[in-house]
There are 2 protein chains.
Amino acid sequence: MNVLVLGGDGFIGSHFVEYALSRGCQLSVFGRFSCGATRNLEHLHNSIKLISGEFANRDDVAKAVKGQDIVYHFISTTSPASSWNDPFIEIDENIRRSVQFFKIASEHGVQKIAYVSSGGTVYGRHEGVTDENVLERPFTPYGIGKITIEHFLNYYREHGQLEADIYRVGNAYGPRQPMHRPQGVIAHWMNSILHEQDVLVYGDSKTLRDYIFVDDVAELIGQSLESLSDSGTYNVGSGQGIAVTELLAIFKRVIKHRFSVRMLPRRDFDNVSTILDCKRILTKCPGFKFSNFEEKLAETWQYVRNTKTIFS
Amino acid sequence: MNVLVLGGDGFIGSHFVEYALSRGCQLSVFGRFSCGATRNLEHLHNSIKLISGEFANRDDVAKAVKGQDIVYHFISTTSPASSWNDPFIEIDENIRRSVQFFKIASEHGVQKIAYVSSGGTVYGRHEGVTDENVLERPFTPYGIGKITIEHFLNYYREHGQLEADIYRVGNAYGPRQPMHRPQGVIAHWMNSILHEQDVLVYGDSKTLRDYIFVDDVAELIGQSLESLSDSGTYNVGSGQGIAVTELLAIFKRVIKHRFSVRMLPRRDFDNVSTILDCKRILTKCPGFKFSNFEEKLAETWQYVRNTKTIFS
């Protein structure tokens with residue numbers, strides 16, 4: 001099976017590339033590779049085909065999708081924080097370019113698209129565990145962009161005979177997560193500890209997040225490779241809510257390194273609670289087992305310490 | 001109260017302007033008025049202030065919203081049919097420009113926005129009666145544009161301290177509805193009868209629509225004028241589903257004029273069924289009574305016959 005991964009040199013993307021290679025797929029990765037493989041793909045550069053291009057450029061995208069059976073779409077230029085004061089980036093970059101890609105894919109014989117949406121932002125301010133039938137009420141441009149792209153993908157399912165899987169991923173963490181962005185609290189805290197800066201804790205015991213190890217995400221979303229003739233929308237998380245204060249206690253246990261903490265209120269663009277009901281995707285993946293959170297947190301910290309000279 | 005109406009010279013817009021005048025509001029209407037009042041507003045031109053400008057132009061919009069307490073937004077450049085093969089018009093014209101307007105309004109002290117969305121397209125392929133808590137699954141770019149604009153309005157409620165009422169209107173009909181567009185089956189059929197062309201009936205007895213007389217729409221959405229300090233999302237329809245075949249029978253009864261009919265299958269962009277549960281808006285409008293459908297259909301036909309030289 002020919003698999004194209006848009007943004008496959010990113011955090012979740014690169015882990016998915018590894019997973020798909022382990023399944024025996026022919027992998028192409030689309031991104032800005034004018035200087036060759038970027039650091040997240042260096043170790044794989046003999047096993048994959050790199051296609052260098054701009055996502056905004058129609059011809060680049062058309063060349064990349066030619067002959068592909070399925071395309072995974074991981075490209076996103078924003079975060080809830082970065083989108084908060086500028087909704088137009090969301091419209092012009094993420095929504096418009098994604099729709100352009102869907103159109104090109106539908107015209108070039110791609111059978112299926114797998115889109116990585118956001119479980120933490122599309123539902124908005126819901127409390128408790130949310131399944132895929134909860135009314136979407138995003139309140140950040142980032143989350144609005146995600147649900148809008150989902151809707152346009154549904155339009156192309158009807159209009160262009162594409163199949164589409166949509167994955168609303170919770171708080172993914174693990175090696176290679178960018179450490180300098182406001183998104184990804186685990187990477188952000190580890191970066192602060194490494195650089196002996198205060199760990200900034202936004203929120204309180206009611207600030208719940210659903211953490212999932214990045215390799216678990218890669219395996220679960222890999223279920224799209226099983227069949228190119230069905231479509232679905234799936235939450236991808238652990239189903240467990242961990243309070244930000246509880247995460248802090250786990251950090252203190254796992255990371256044997258002193259660090260200082262600054263407690264701050266939730267920011268305007270922060271959701272209060274995200275816990276994803278993931279029964280639907282788990283039914284599709286019999287035998288799947290979640291990684292152990294504390295073990296993987298320790299592994300991530302080890303990785304961050306070893307690679308600090310490259311990534312900091 | 002200072003009320004600005006964007007697109008107030010359109011079909012629903014001009015009826016709302018009449019209603020708001022009857023309530024004693026100070027009315028300004030924004031649109032393309034370089035040659036003075038357009039035909040839908042000619043009879044009101046002494047009672048309203050016309051502000052000529054382009055919705056795409058930031059300065060024009062900023063000048064128009066200055067000093068306004070509430071702005072009604074009726075501007076839309078597409079229909080489900082016209083959007084079906086070009087989602088980019090929806091993104092570039094309706095979504096982007098509406099968000100630009102929300103931003104300008106929030107920066108210029110507007111207290112509330114009332115947005116006219118679409119009850120017939122935002123919910124998608126649901127059967128039975130839909131209330132406002134039904135999961136939105138639009139499948140036309142037109143419907144996706146509407147729900148996306150709703151989401152961005154919710155964002156500005158949080159980000160910019162705007163209040164916002166969203167009206168998901170069913171199949172409005174009545175005088176001044178454009179007769180040459182594929183949207184608005186009643187106007188379209190009347191146009192065909194007037195010009196002795198076949199009446200095109202898309203669908204069958206399962207093709208249900210929720211018709212509401214345009215003056216009823218104007219009165220119901222006028223409830224936003226009662227309070228500028230609350231927000232809500234409301235279906236605006238009759239709550240009754242009329243099959244397209246039943247509508248045909250009513251036409252034969254009401255319109256004493258022979259006409260030929262061509263039965264055709266539903267088009268790809270047609271929804272099967274739209275019936276709106278309107279309890280929420282009716283609770284806000286005690287004493288409101290719906291117009292009689294057959295009476296208003298006859299009245300609309302009379303209007304269409306009288307004005308044919310102007311409108312055809």
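Residues numbered from 1 in each chain as written. Chains lettered and ligands numbered in written order. Predicted model: local features only at pLDDT ≥ 70, side-chain atom pairs only at ≥ 80, totals over all residues.

Peer 1: What is the right way to look at the overall build of chain A in this model?
Peer 2: The secondary structure content of chain A amounts to 11 helices and 15 strands. In terms of overall size, chain A behaves like a compact globule, its C-alpha atoms giving a radius of gyration of 19 Å where 312 residues would be expected to give roughly 20 Å. Considered along the principal axes of its C-alpha atoms, chain A spans approximately 55 × 45 × 40 Å. Residue burial in chain A is summarised as follows: out of 312 residues, 50% are buried. Counted over contacts in chain A with a minimum sequence separation of 6, partners at least 24 positions apart contribute 77%. (Helix = DSSP H or I, 4+ residues; strand = E, 2+ residues; numbered from the N terminus. Rg over C-alpha atoms; globule rule 2.2 N^0.38 Å. Buried ≥ 20, exposed ≤ 12 C-beta atoms within 10 Å, placed from the backbone. Contact = placed C-beta atoms within 7 Å.)

Peer 1: Would you explain the interface of chain B and chain A in this entry?
Peer 2: How big an interface is tends to be stated in terms of accessible area lost as the parts join. Taken together, the contacts link 20 residues of chain B with 20 residues of chain A. Contributions of two or more residues to the side of chain B that touches chain A are made by α4 (87-107) and α5 (141-159) of chain B. The dominant element in the side of chain B that touches chain A, judged by the number of residues it contributes, is α5(B), at 9 residues. Of the residues contributing to the side of chain B that touches chain A, the split by class is 12 nonpolar, 5 polar and 3 charged. (Nonpolar A, V, L, I, M, F, W, Y, C, P; charged D, E, K, R; others polar.)

Peer 1: What is the right way to read the relation of the copies chain B and chain A from this model?
Peer 2: For the match of chain B to chain A, the screw axis carries a shift of 0.0 Å, the RMSD comes to 0.0 Å, and the turn is 180 degrees. On the angle and the small slide along the axis, the relation comes out as a two-fold axis. No C-alpha of chain B lies nearer the rotation axis than that of B:L135, which sits 2.7 Å from it. In this assembly the copies share their binding face: 100% of the residues contributing to the interface of chain B also contribute to that of chain A. (Least-squares fit on C-alpha atoms with pLDDT ≥ 70 in both.)

Peer 1: I would appreciate a short explanation of the environment of A:H195 in the present structure.
Peer 2: With respect to the helices and strands, A:H195 occurs in the loop between α6 (185-194) and β9 (199-202). Taking C-alpha positions, A:H195 is 12 Å from A:H180, a pair spaced 15 residues apart along the chain.

Peer 1: Where do I start with the sheet that holds strand β2 (residues 26-31) of chain A in this structure?
Peer 2: The pairing of strands in a sheet comes from backbone hydrogen bonds and takes either a parallel or an antiparallel form. All names here are of chain A. Reading across from one edge, β3-β2-β1-β4-β5-β7-β12 is the order of the 7 strands in this open sheet, with parallel pairing throughout. Looking along the sheet, the strands with just one partner apiece sit at the ends: β3 (49-52) and β12 (232-236). Along the sheet, successive strands turn relative to each other by an average axial angle of 20 degrees, direction set aside. Bridge count for strand β1 (residues 2-6) against strand β4 (residues 70-73) is 4 bridges, and the pairing is parallel. Bridging from a neighbouring strand, V5 pairs with Y72 of β4. The strands touched by helix α5 (residues 141-159) are β5 (112-118) and β7 (163-169); relative to β5, the strand with the most contacts, the crossing angle is about 160 degrees. (Pairing = 2+ DSSP bridges. Axes fitted to C-alpha atoms, helices over the stretch in contact; angles between N-to-C directions.)

Peer 1: What's the story with the pairing of strand β4 (residues 70-73) of chain B in this structure? I'm lost.
Peer 2: Where a strand is regular, its side chains alternate between the two sheet faces. Residues and elements named next belong to chain B. The two faces of β4 match: I70 and Y72 on one face and V71 and H73 on the other face are all buried. Of the pairings in the sheet, the one linking β4 to strand β5 (residues 112-118) comprises 4 bridges and is parallel in character. Looking at β5, one finds that H73 is bridged to Y115.

Peer 1: Would you mind going over unusual backbone geometry with me for this structure?
Peer 2: Among all residues except glycine, the phi angle is most often negative; among peptide bonds, the trans geometry is most common. Positive phi is not limited to glycine here, since A:R176 has a value of about 80 degrees. Secondary-structure assignment places A:R176 in the loop between β8 (171-173) and α6.

Peer 1: What am I meant to see in helix α2 (residues 58-65) of chain B here?
Peer 2: In an α-helix, one turn spans 3.6 residues; hence positions three or four apart end up facing the same way. All names here are of chain B. Residues V61, A64 and V65 constitute the buried set of α2. Each buried residue of α2 lies within a common arc of 90 degrees when the element is viewed along its axis, so the set occupies one face. Residue G67 follows α2 closely and has a positive phi angle near 80 degrees. (Arc of directions from axis to C-beta.)

Peer 1: Looking at this model, I keep getting lost on the packing of helix α4 (residues 87-107) of chain A against α4(B). Mind explaining?
Peer 2: The angle between the axes and the distance between the axes are what describe a pair of packed helices. α4(B) packs onto α4(A) with a crossing angle of 170 degrees between their chain directions and a minimal axis gap of 11 Å. Relative to α4(B), the element α4(A) is oriented roughly antiparallel. Here α4(A) contributes A:P87, A:I91, A:I95, A:R96 and A:V99 to the contact with α4(B), which in turn contributes B:P87, B:I91, B:I95, B:R96 and B:V99. Taken together, the residues of the contact of α4(A) with α4(B) break down into 8 nonpolar, no polar and 2 charged. (Parallel < 35°, antiparallel > 145°, perpendicular 65-115°, else oblique.)

Peer 1: Please explain the environment of B:Q197 as it appears in this structure.
Peer 2: Residues and elements named next belong to chain B. In this fold, Q197 is placed in the loop between α6 (185-194) and β9 (199-202). Since 13 C-beta atoms lie within 10 Å of it, Q197 is described here as partly exposed. Taking the C-alpha atoms as reference points, Q197 and F259, separated by 62 residues in sequence, lie 7.8 Å from one another.

Peer 1: What am I meant to see in the sheet that holds strand β7 (residues 163-169) of chain B here?
Peer 2: Residues and elements named next belong to chain B. In space, the 7 strands of this open sheet follow the order β3-β2-β1-β4-β5-β7-β12, with parallel pairing throughout. Where the open sheet ends on each side, the last strands, each with one partner, are β3 (49-52) and β12 (232-236). Direction aside, neighbouring strands of the sheet carry axes that sit 20 degrees apart on average. In this structure, β7 lies alongside β12, joined through 5 bridges in parallel fashion. By the bridge assignment, V169 is partnered in β12 with V236.

Peer 1: I would appreciate a short explanation of the nonpolar core in the present structure.
Peer 2: The nonpolar side chains of soluble globular proteins are, as a tendency, buried together. Ranked by size, the top nonpolar core spans 164 residues in total, and within it A:V5 and B:V5 carry the most contacts. Ignoring anything within four residues of it in the chain, the contact list for A:V5 reads A:G13, A:F16, A:V17, A:L27, A:V29, A:F30, A:Y72 and A:F74. (Core = buried A, V, L, I, M, F, W, Y, C linked by C-beta atoms within 7 Å.)

Peer 1: Help me understand the confidence of the model for chain A, please; the structure alone is not making it clear to me.
Peer 2: Detailed reading of the predicted coordinates is not advisable wherever pLDDT falls low. Across chain A, the average pLDDT comes to 95, with 98% of residues at 70 or higher. Taken together, the chains of this predicted complex give a pTM of 0.96 and an interface ipTM of 0.94. (pLDDT = per-residue confidence, 0-100.)

Peer 1: Help me understand the packing of α5(A) against α5(B), please; the structure alone is not making it clear to me.
Peer 2: As a packed pair, α5(A) and α5(B) sit with axes 10 Å apart at the nearest point and diverge in direction by 170 degrees. On the basis of their axis angle, the class for α5(A) and α5(B) is roughly antiparallel. Residues A:P141, A:I144, A:I147, A:T148, A:H151, A:F152 and A:Y155 of α5(A) touch α5(B), and the partners they reach there are B:P141, B:I144, B:I147, B:T148, B:H151, B:F152 and B:Y155. In terms of residue class, the contact of α5(A) with α5(B) is made up of 10 nonpolar, 4 polar and no charged.

Peer 1: Help me understand the environment of A:K49, please; the structure alone is not making it clear to me.
Peer 2: Residues and elements named next belong to chain A. In this structure, K49 sits in strand β3. Using a count of 13 C-beta atoms within 10 Å as the deciding quantity, one classes K49 as partly exposed. Along the sequence, K49 and S118 sit 69 residues apart, while their C-alpha atoms lie 28 Å from each other. Apart from the residues lying within four places of it in its own chain, the contact partners of K49 are L27 and S28.

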